[in-house]
Amino acid sequence: MSDSSETIQEIAFKLMLEQNKNDKILNGTTERTIFVLGSKGVGKSTMINNFLDRNEPIRNTLALEYSYARRTNLSGQSNQKLVGNIWELGSLANSSQLIDVPIKSHGLQYLSVVIMLNLSEPSELLIDLESALQGLKQSIGNNYSESEIREFREKIIEKDSHKDHPDINTLEVMPCQTVIIGGKYDLFENLDSEIRKHVVKFLRSISHTLGASLIFYSMKIPSLSKTVRDIMSNLAFNSPQHPIRVQKTDFNEPIMISAFNDSWEKLVVMPSNSERIGIQFSSQIQQNRDKNENQEMSVNPANDVNFRETIIDDLRAMKDDELIRLIKNSEIKLKFDSFNLANSPFNYLN
């Protein structure tokens, strides 16, 4: 029986939650969430637009943007609509509250994280990865109990019998499905071979210890672009079930490794954790620890044609005019007061 003090809206909201819960029990969840974050300017928006078949001009992602994809259930058992919610974080700086939104939106169990890093800037790889992982882990820890996190992590490990992996007890598996994408591979493949070797070993080691898939990507290389589209489709709709068909570990080729398909033995290293892996990589390629993303917008979005809103822009123009008038009036008043003071008989400085 409902509380007599509840409003109609509150009762309707509870009924909706109950209906959604019943639908999930009968048909399985109809929604999944993909959270894309990582290096600034690496091509996250381009990758998402490619998946959504959008041809619109790319604009800078200022904070957190949302889009979605829909598809009819391909099993043929029902006309159920599948929805893939896609969140994109524009910048890793001061983003803790923004990260909470996709983490809480539909539950950790149905969340997939895509961390996209700029391969063409090896000196910033570790900083961007650390920022992304720190934000994710902090948000997950704030919104879920230790027992819930442990349960989600166990489900990831149990999927496809990953619990039988020989390294499983040495890994720091994320409690949600995770994919690391190395962007701008077309630029990375032209770097010095020693640098490429260190970067590949670092990213393979980190991906392995996190239980994450790893793929190198460039929008300019059709085969890599298609693989990333398949990965996004798998995360959103579980189709195709095996988006990475061939495992590639040679640093002279674009890397493609599904989660739990690597090992410390293949990497020819002793079992390690993410902190030690980062320290080792820093000793090989010095990291730009002084990197400081500009906290203020270098370009005013109000002047960007991509962000024009007629009503809001008109109101802003009115307020700007009002502010200019106030400033001018203040300046006139200040000059007038100064003149009166200078000519006052009580001015002892005359």
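To be clear, the structure that these remarks concern was listed above.
These figures come from a predicted structure and were not determined experimentally. (Residues numbered from 1 in each chain as written. Predicted model: local features only at pLDDT ≥ 70, side-chain atom pairs only at ≥ 80, totals over all residues. Heavy atoms only, no water.)

Novice: Please give an account of the packing of helix 7 (residues 193–210) against helix 10 (residues 274–284) that cites residues and values.
Specialist: Direction vectors running N to C along helix 7 and helix 10 enclose 175°, while the axes themselves pass 10 Å from each other. The angle between the axes of helix 7 and helix 10 places the two elements in the roughly antiparallel class. Here helix 7 contributes H198, V199, F202, S205, I206 and T209 to the contact with helix 10, which in turn contributes S274, I277, G278, F281 and Q284. (Axes fitted to C-alpha atoms, helices over the stretch in contact; angles between N-to-C directions. Helix = DSSP H or I, 4+ residues; strand = E, 2+ residues; numbered from the N terminus. Parallel < 35°, antiparallel > 145°, perpendicular 65-115°, else oblique. Contact = heavy atoms within 4.5 Å.)

Novice: How would you summarise the sheet that holds strand 6 (residues 213–216) if you had to cite specific residues and measurements?
Specialist: The 7 strands lie next to each other as 2-3-1-4-5-6-7, forming an open sheet whose pairing is mixed. The open sheet has two free edges, formed respectively by strand 2 (64–72) and strand 7 (256–257), since each of these has just one partner strand. By the bridge criterion, 6 bridges tie strand 1 (residues 31–38) to strand 3 (residues 81–89) in an arrangement that is parallel. Looking at the pairing, I34 lines up with I86 of strand 3. Along the sheet, helix 8 (residues 222–237) contacts strand 1, strand 2, strand 3, strand 4 (111–118), strand 5 (177–183), strand 6 and strand 7; its crossing angle with strand 1, the most-contacted strand, is approximately 135°. (Pairing = 2+ DSSP bridges.)

Novice: Can you explain unusual backbone geometry? Please cite residues and give values.
Specialist: As a rule of thumb, non-glycine residues mostly have phi less than zero, and peptide bonds are mostly trans rather than cis. Here the amide bond leading from S239 into P240 is cis, since omega sits at 0°, within 30 degrees of zero. Considering the arrangement of structural elements, one finds P240 in the loop between helix 8 and strand 7. The backbone phi angle of F260 is positive, close to 70°, even though this residue is not glycine. Within the element layout of this structure, F260 appears in the loop between strand 7 and helix 9 (264–267). In this model, V268 sits at a positive phi of 60°, which is unusual for a non-glycine residue. Position of V268 among the secondary structure elements: in the loop between helix 9 and helix 10.

Novice: How would you summarise the pattern of salt bridges if you had to cite specific residues and measurements?
Specialist: Side chains that differ in sign of charge can pair as their charged atoms come close. Applying the stated rule across the entire model yields 7 salt bridges. Across the pair K220 and D186 runs a salt bridge whose closest N-O atoms are separated by 3.7 Å. One end of the pair, K220, is in the loop between strand 6 and helix 8; the other, D186, is in helix 6 (residues 185–188), with 34 residues separating them in the sequence. According to the relative accessible area criterion, K220 is exposed, its value standing at 67%. Of the charged contacts, one joins K197 and E194 as a salt bridge, the two residues approaching to 3.4 Å between their closest N and O atoms. (Salt bridge = Lys/Arg side-chain N within 4 Å of Asp/Glu carboxyl O. Buried < 20%, exposed > 50% of the residue type's maximum accessible area, 1.4 Å probe, protein only.)

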